[in-house]
Amino acid sequence: MAGARHRPGPLLRARHPRGVPTGLLGGSFNPAHGGHRRITRCAAAALGLDEVWWLVSPGNPLKPVAGMAPLAARYAAALVQGRRAPIRVTAIERELGTRFTVDTLRALVRRYPRRRFVWLMGADNLAQFHRWRDWRGIARTVPIAVIARPGYDGPAVASPAMAWLSRFRRTAASLHRRAEWSAPALVILRFDPDPRSATALRQADPDWARHVSARSLRDRLTLRLIEPQP
Ligand SMILES: Nc1ncnc2c1ncn2[C@@H]1O[C@H](COP(=O)(O)OP(=O)(O)OP(=O)(O)O)[C@@H](O)[C@H]1O
Ligand SMILES: O=C(O)c1ccc[n+]([C@@H]2O[C@H](COP(=O)([O-])O)[C@@H](O)[C@H]2O)c1
């Protein structure tokens, strides 16, 4: 989706005087898959989001570099998955020079004052959220919505982060009321379970990144041009 089209125009700003509701789905996207697309669309509908930005990570601080495809290839594959949906694929952490989510969020909140962000993540990430840098700081910066994921809901519920976050539990509907859009807030979203994963795709095709190489030269160039408009 072109940047100019996604600059919130006067109409959108008038409709959302407290900021355009925007989801952030950070991920390795190694590679992006239909599960990402589906949870994004369902979360956008449930939370009343105008769009969701996919933040294709230069490198998850907790994941090994080995086996991680180049950012350009992951970005190119994510562009394909994000087509014809209210999804804006970015590599904005590369622009910002951030790796840790707490730093990314603080930079985004400063840079995009006309947006209201909510952090989206699967239950697998909630299960290890307490290992993220300043995770309580993340929770104090933006509301968090966690999407149930097959095999991870038990560990997520039993996690140290959930023990702290559960006192801030809210309904999805409450995020539709912009006056209640404050942090910390935790929303649990439960859609039809989606078993798709990047791990399964890599197992089926360890060389998947080579197949996007024809597009990646162009996309490597556009990596410099993908910062969304305020
Ligand atoms: N099927 C799914 N259901 C719910 N959440 C998902 C699903 N797939 C991915 N996510 C979430 O999307 C975000 C980005 O996911 P990521 O790029 O790590 O894909 P993944 O399939 O989890 O990859 P991997 O298998 O390599 O760990 C994460 O917050 C993850 O929890
Ligand atoms: O900030 C951290 O300490 C941190 C630790 C682990 C993961 N993250 C972020 O979590 C998001 C999901 O990562 P992944 O690899 O599970 O798709 C992605 O945006 C990562 O940068 C962030």
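For the structure, check the block above.
All of these numbers come straight from a predicted model, not from anything done at the bench. (Residues numbered from 1 in each chain as written. Chains lettered and ligands numbered in written order. Predicted model: local features only at pLDDT ≥ 70, side-chain atom pairs only at ≥ 80, totals over all residues.)

Participant: Looking at this model, I keep getting lost on the overall build of the chain. Mind explaining?
Facilitator: Counting secondary structure elements, the chain contains twelve helices and six strands. Going through the 230 residues of the chain one by one, you find that 39% of them count as buried. At a minimum sequence separation of 6, the contacts of the chain that also span at least 24 residues come to 80%. (Helix = DSSP H or I, 4+ residues; strand = E, 2+ residues; numbered from the N terminus. Buried ≥ 20, exposed ≤ 12 C-beta atoms within 10 Å, placed from the backbone. Contact = placed C-beta atoms within 7 Å.)

Participant: Would you explain the sheet that holds strand β6 (residues 186–189) in this entry?
Facilitator: Taken in spatial order, the six strands line up as β3-β2-β1-β4-β5-β6 in an open sheet, and their pairing is parallel. With one partner strand each, in any of the chains shown, β3 (87–90) and β6 form the two edges of the open sheet. For this sheet, the mean angle separating the axes of adjacent strands, direction not counted, is 25 degrees. Direction of pairing for strand β4 (residues 115–122) relative to strand β5 (residues 144–147): parallel, over a ladder of four bridges. Along β5, the bridge assignment pairs G122 with I147. Set on the sheet, helix α3 (residues 71–81) makes contact with β2 (51–56) and β3; between it and β2 the angle comes to about 155 degrees. (Pairing = 2+ DSSP bridges. Axes fitted to C-alpha atoms, helices over the stretch in contact; angles between N-to-C directions.)

Participant: In this structure, what is going on with the environment of A43? I would like to understand it.
Facilitator: Within the secondary structure layout, A43 lies in helix α2 (residues 34–47). In this structure the C-alpha to C-alpha distance between A43 and F191, which are 148 residues apart in sequence, comes to 8.8 Å. In this view, A43 contacts G23, L120, A145, I147 and L189; residues no more than four positions away in its chain are not counted.

Participant: Can you help me understand the site of ligand 1 in this one?
Facilitator: Taken together, 19 residues surround ligand 1, and among them G27, G35, G122, A198 and T199 come closest. At the level of elements, β1 (20–27), α2, β4, α6 (123–127) and α10 (198–204) are the ones that each hand at least two residues to the shell around ligand 1. For the shell around ligand 1, a count of residues per class yields six nonpolar, nine polar and four charged. (Near = placed C-beta within 6 Å. Nonpolar A, V, L, I, M, F, W, Y, C, P; charged D, E, K, R; others polar.)

Participant: Which parts of the structure should I look at to understand the site of ligand 2?
Facilitator: The full set close to ligand 2 counts 15 residues, and G26, G27, S28, N60 and W132 are the nearest of them. Secondary-structure elements contributing two or more residues to the shell around ligand 2 are β1 and α5 (101–111). Looking at the shell around ligand 2 residue by residue, the class counts come to six nonpolar, seven polar and two charged.

Participant: Is there a simple way to explain α3 in this structure?
Facilitator: An α-helical turn contains 3.6 residues, so any two residues separated by three or four positions project in the same direction. Among the eleven residues that make up α3, nine are buried, leaving the element largely enclosed by the rest of the structure. Along α3, the residues classified as buried are L71, A72, A73, R74, Y75, A76, A77, A78 and L79.

Participant: Explanation requested: the pairing of β5 in the structure shown.
Facilitator: Within a regular strand, side chains alternate between the sheet's two faces. Residues of β5 alternate between two faces, with I144 and V146 on one and A145 and I147 on the opposite face, all of them buried. Of the strand pairs in this sheet, β5 and β6 are connected by four bridges, and their pairing is parallel. Looking across to β6, one finds that A145 is bridged to V187.

Participant: In this structure, what is going on with the pairing of β1? I would like to understand it.
Facilitator: Extensive coverage of β1 is indicated by the burial of six of its eight residues. Note that β1 and β4 share six bridges and pair parallel. What sits directly across from V20, in β4, is R115. Bridge count between β1 and β2: six bridges; the pairing is parallel.

Participant: Looking at this structure, how should I read unusual backbone geometry?
Facilitator: With omega at 5 degrees, the peptide bond leading from N30 into P31 counts as cis. Inspection of the secondary structure puts P31 in the loop between β1 and α2. One non-glycine residue, R84, lies in positive phi territory at about 50 degrees. Within the element layout of this structure, R84 appears in the loop between α3 and β3. Since 7 C-beta atoms lie within 10 Å of it, R84 is described here as exposed. Of note, D134 is a non-glycine position whose phi angle comes to about 45 degrees, a positive value. One can find D134 in the loop between α6 and α7 (135–141).

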